[in-house]
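# Topology and contacts: notes
Here is how the chains run, residue by residue.
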Amino acid sequence: MALVTWPMLALVGKYIKIKRAAAMGIVLAGSSLGGVIWPIAIDRLLESPSIGFPWTMRIVGFIMIPCFIFSCSVAKSPMAPRSAESETCERLNNEKNPDPDIQPRSHKAEALDFFKQRSLQLLCLAMFVTYFGMFSPFFYTTLYAVEKGFSTTLAFYTVSIVNGTSFFGRILPGIVADKYGKFNCCILATISAGIVALCWTKVTSVAGLVIWCAAYGFASGGILSLQQACAAQVASKNTLGLAIGSVSGSTALSAMANVPISGALSEKYGYLSLSLFSGVSLLLGGIFLIAARLVQKKQLRAIV
């Protein structure tokens, strides 16, 4: 999935430069739509005695294969291949006017310099910390609802509610970020998600649960889409894919650790500890995002 998702997103970032945050948000919003449809579809398939788990997984695979074939067949680099004639002309011009002071930089040297950027390092650190607690509500809201005595049907649909509002949370903040700054909007989304996560255990009614799921889904959706827009902002044309891969890679280990840590906390100390763990992780990630933003421009009202 990593080999499919991030190169595709980098391609979109290379094609669209002016409204890049909105474009990336629209692309990532597709996964939210899938997050609404797939849980319901898989649940219905698993409940059917004639289908069961093995054929449910095969049906999922049969649906994904044509989607991937279409995506891979239409994906191409926006960089047009240089013709042999243009390369010959450039070589002849260089031979006529040699300039020893101007040497083309290798991709390796450019990548090493890119990794030394303080803004990239702080952005990766911010996302690493953020992902330690960001997915806790995605995985444990259903169990929380069951424990609090809500109906199992409502508890099951909380995942679809979170993903449904995340769809809008990935598109609308991207549109706003193109005008007011990617880092500014990502900071706002991260801190908002942290505050909502800290209010998790205050949910005691059906209406409160629905509103809380919708609020968290929207705020976390902004993080998921804007982190890649922020990565694209600190990158050059040649390091765009590297930037998106670096930020995504920095979240991999913390996202993987998030679920078992959340399970251990909820089992031993209850959902208040899980709420605090998730909220504090998001707020701390927001602080590192502020640092990454200030490294680029120290003016508080600057569009970054």
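With an unreviewed UniProt entry as reference, the chain is termed Major facilitator superfamily (MFS) profile domain-containing protein, source organism Penicillium antarcticum. What UniProt states about the chain under its Subcellular location (unreviewed entry) heading is, verbatim, "Membrane". The annotation that UniProt attaches to the chain under Sequence similarities (unreviewed entry) is "Belongs to the major facilitator superfamily. Monocarboxylate porter (TC 2.A.1.13) family."

## What to know about the UniProt feature "domain: Major facilitator superfamily (MFS) profile" (unreviewed entry) in the chain
Here the UniProt feature "domain: Major facilitator superfamily (MFS) profile" (unreviewed entry) sits at residues 119-304. For residues 119-304, the helix share is 83%, the strand share is 0%, and the end-to-end C-alpha distance is 12 Å.

## So, the layout of surface pockets
In this structure, the largest pocket encloses a volume near 1700 Å³. Lining of the largest pocket is provided by 40 residues; of these, Met1, Thr5, Leu28, Gly30 and Ser31 occupy positions nearest its centre. When contributions to the lining of the largest pocket are tallied by element, the ones reaching two or more residues are helix H1 (2-15), helix H2 (20-47), helix H3 (52-74), helix H7 (136-147), helix H8 (152-180), helix H10 (206-234) and helix H11 (240-269). Of all the elements, H1 adds the most residues to the lining of the largest pocket, at 9 residues. Looking at the lining of the largest pocket residue by residue, the class counts come to 28 nonpolar, 10 polar and 2 charged. Volume-wise, the second largest pocket comes out at about 170 Å³. Every residue lining the second largest pocket is listed: Leu172, Pro173, Val176, Cys185, Leu188, Ala189, Ser192, Phe218, Ala219, Gly222 and Leu226. Broken down by secondary-structure element, the contributors of at least two residues to the lining of the second largest pocket are H8, helix H9 (182-198) and H10. A per-class count over the lining of the second largest pocket returns 9 nonpolar, 2 polar and no charged.

## Details of H7
Turn by turn, an α-helix covers 3.6 residues, leaving residues three or four places apart pointing in a common direction. Helix length check: H7 (12 residues) gives 16 Å between terminal C-alpha atoms against 16 Å at 1.5 Å per residue, within 8%. In this structure, the buried side of H7 is in contact with H8, H10, H11 and helix H12 (271-296).

## Let's talk about the nonpolar core
Leu123, Met127, Met134, Phe183, Tyr216 and Leu289 are the most contacted members of the largest nonpolar core, which has 59 residues in total. Sorting elements by how many residues they give to this core places H10 first, with 13 residues. The contacts of Leu289, once residues within four sequence positions are left out, are Leu123, Ala126, Met127, Phe183, Cys186, Ile187 and Thr190.

## Overview of the environment of Gln296
Mapped onto the secondary structure, Gln296 falls in helix H12. C-alpha separation for the pair Gln296 and Phe135, spaced 161 residues apart in sequence, amounts to 29 Å. Not counting the four nearest positions on each side in its chain, Gln296 is found in contact with Ser119, Phe183, Gln233, Val234 and Val304. A distance of 3.1 Å separates the side chain of Gln296 from the backbone oxygen of Ala292, its partner in a polar contact.

## Here we look at the side chain of Thr251
Inspection of the secondary structure puts Thr251 in helix H11. Classification of Thr251 by relative accessible area gives buried; the value is 7%. Excluding residues within four positions of it along the chain, Thr251 makes contact with Met127, Tyr131 and Gln227.

## Some remarks on the packing of H7 against H12
Between H7 and H12, the shortest axis-to-axis distance is 12 Å and the interhelical angle comes to 160 degrees. Between H7 and H12, the angle falls in the class roughly antiparallel. Crossing handedness for the pair H7 and H12: left-handed. Between H7 and H12, the contacting residues are Ser136, Pro137, Tyr140, Leu143, Tyr144 and Glu147 on the first element and Tyr271, Leu274, Phe277 and Ser278 on the second.

## A few points about the packing of H2 against H10
Relative to each other, H2 and H10 sit at 140 degrees, their axes nearing to 9 Å. When the interaxial angle is binned, H2 and H10 end up oblique. Remark: the crossing between H2 and H10 carries right-handed chirality. Across the interface between the two elements, Arg20, Ala21, Met24, Gly25 and Leu28 from H2 touch Leu224, Ser225, Gln228, Ala229 and Ala232 from H10.

## Details of H11
Between the first and last C-alpha of H11 there are 42 Å, a value that for 30 residues agrees with the 44 Å anticipated at 1.5 Å per step. Residue Gly270 follows H11 closely and has a positive phi angle near 90 degrees.

So, how was this worked out
Residues numbered from 1 in each chain as written. Predicted model: local features only at pLDDT ≥ 70, side-chain atom pairs only at ≥ 80, totals over all residues. Heavy atoms only, no water. UniProt positions renumbered as here; feature names shortened; annotations may be inferred. Helix = DSSP H or I, 4+ residues; strand = E, 2+ residues; numbered from the N terminus. 1 Å grid on protein atoms, 1.4 Å probe; cavity = no way out; pocket = protein on both sides within 12 Å on 5 of 7 lines; lining within 4 Å. Points joined across faces, edges and corners; volume = space filled by probe spheres on them. Nonpolar A, V, L, I, M, F, W, Y, C, P; charged D, E, K, R; others polar. Expected span 1.5 Å × (residues − 1). Contact = heavy atoms within 4.5 Å. Core = buried A, V, L, I, M, F, W, Y, C linked by side-chain atoms within 4.5 Å. Buried < 20%, exposed > 50% of the residue type's maximum accessible area, 1.4 Å probe, protein only. Polar contact = N/O pair within 3.5 Å; in protein donor to acceptor, adjacent residues only side chain to side chain. Axes fitted to C-alpha atoms, helices over the stretch in contact; angles between N-to-C directions. Parallel < 35°, antiparallel > 145°, perpendicular 65-115°, else oblique. Left-handed = near helix turned anticlockwise from the far one by under 90°.

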